[in-house]
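# Geometric and topological summary
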Amino acid sequence: MNLKRNPSTYLLSCACTALSLFLVACGGGGDGGVASSASPSPNAGNAASASPASGAPSTAGMSPAGASAATNSNFVSCTQIKSPQEALNAVNAARAVARNCGSTFFPAAPALQWNDQLANAALAHSADMATRNYFSHTNPDGLSPFDRTEKAGYGRYTGENIAAGYGTMDAVMQGWLSSSGHCANIMRASYKDFALACAVPASGAAAYNIYWTQNFGAK
């Protein structure tokens, strides 16, 4: 596991590829994908929802209703993400610029589209981390990021970045872009779909005041 720490936040990253099933830093499986994380993000079961075929992203997966399988209601939706379109604009702005992720150069990548199934999986994981007070790609029940996106109806060619303690969307995006594994997830050209969610613990019982999950995928 690749761990980077500052006084208030954590970043974790892991990756695997579809062809080799090579894993770095965190458990995963299935057909492949990339999983990265930054600070704890709650996990719960994922409710599948239809992905919009075109047009502006919907708001599915951006509220507690999108995490209906969460362990309990000890979390609230965060207000740091004003809309799916705002989150999509942020990740696509990052992908539009060629950059080095650690020692690996990534050219500018095509824009992603919002996916409600990934959004439900992301919110469920953030809510679960906030509710059960853990920070990991693998939840206490042993479910991996790939298990969650498959359960949400999307499939297993997916990637995940998680984070905790970052107070704004801009801050967490910068944290991910400054970490090689997370940055690689953001810049991976094979991904087509995207979602971002965050959850705030309803009480002071959790280690962090906010948990973020960013999902990527391709069908």
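Summary of the structure given here. This is a predicted model, so every value here is computed, not measured. (Residues numbered from 1 in each chain as written. Predicted model: local features only at pLDDT ≥ 70, side-chain atom pairs only at ≥ 80, totals over all residues. Heavy atoms only, no water.)

### Considerations on the overall build of the chain
The helix and strand inventory of the chain stands at five helices and 10 strands. Every one of the 219 residues in the chain was classed for burial, and the buried ones make up 53%. The long-range fraction of contacts in the chain, counting pairs at least 24 apart against all pairs at least 6 apart in sequence, stands at 74%. Surface accessibility of the chain: about 8,500 Å² in total, with carbon and sulfur atoms responsible for 55%. (Helix = DSSP H or I, 4+ residues; strand = E, 2+ residues; numbered from the N terminus. Buried < 20%, exposed > 50% of the residue type's maximum accessible area, 1.4 Å probe, protein only. Contact = heavy atoms within 4.5 Å. Areas by Shrake-Rupley, 256 points an atom, 1.4 Å probe, with all protein chains shown as cover.)

### Digging into the nonpolar core
If you look at the biggest cluster of nonpolar residues, it comprises 32 residues, and the most contacted ones within it are Ile81, Val91, Trp176, Ile186, Phe194, Leu196 and Trp212. With five residues, helix H4 (residues 169–177) is the single largest residue contributor to this core. For valine 91, the contacting residues outside a window of four places in its chain are Leu112, Met173, Ile186, Phe194, Gln214 and Phe216. Ranked by size, the runner-up nonpolar core spans 12 residues in total, among them Phe75, Ala127, Ala164 and Tyr211. (Core = buried A, V, L, I, M, F, W, Y, C linked by side-chain atoms within 4.5 Å.)

### Considering the pairing of strand S8 (residues 158–164)
The element S8 is extensively covered by neighbouring structure, given that seven of its seven residues are classed as buried. Neither face of S8 is exposed, since Thr158, Glu160, Ile162 and Ala164 on one face and Gly159, Asn161 and Ala163 on the opposite face are all buried. Bridging between S8 and strand S10 (residues 211–217) involves seven bridges; their strand directions are antiparallel. By the bridge assignment for S10, alanine 163 is matched with tryptophan 212. (Pairing = 2+ DSSP bridges.)

### Brief notes about the pattern of salt bridges
Enumeration over the complete set of coordinates arrives at five salt bridges. A salt bridge links aspartate 147 to arginine 156; the shortest N-O distance between them is 3.0 Å. Since its relative accessible area comes to 24%, aspartate 147 is described here as partly exposed. Judged by its relative accessible area of 16%, arginine 156 is buried. Among the charged side chains, a salt-bridge network with shared partners connects Asp128, Arg132 and Asp141. (Salt bridge = Lys/Arg side-chain N within 4 Å of Asp/Glu carboxyl O.)

### Focus: the pairing of S10
Along a regular strand, successive side chains alternate from one face of the sheet to the other. For S10, a buried count of seven out of seven residues is recorded, marking the element as mostly surrounded by other parts of the structure. With burial as the criterion, each face of S10 is covered, one bearing Tyr211, Thr213, Asn215 and Gly217 and the other bearing Trp212, Gln214 and Phe216. As defined by bridge partners, strand S9 (residues 193–201) adjoins S10 across seven bridges and the pair is classed as antiparallel. From the neighbouring strand, aspartate 193 faces S10, where its bridge partner is glycine 217.

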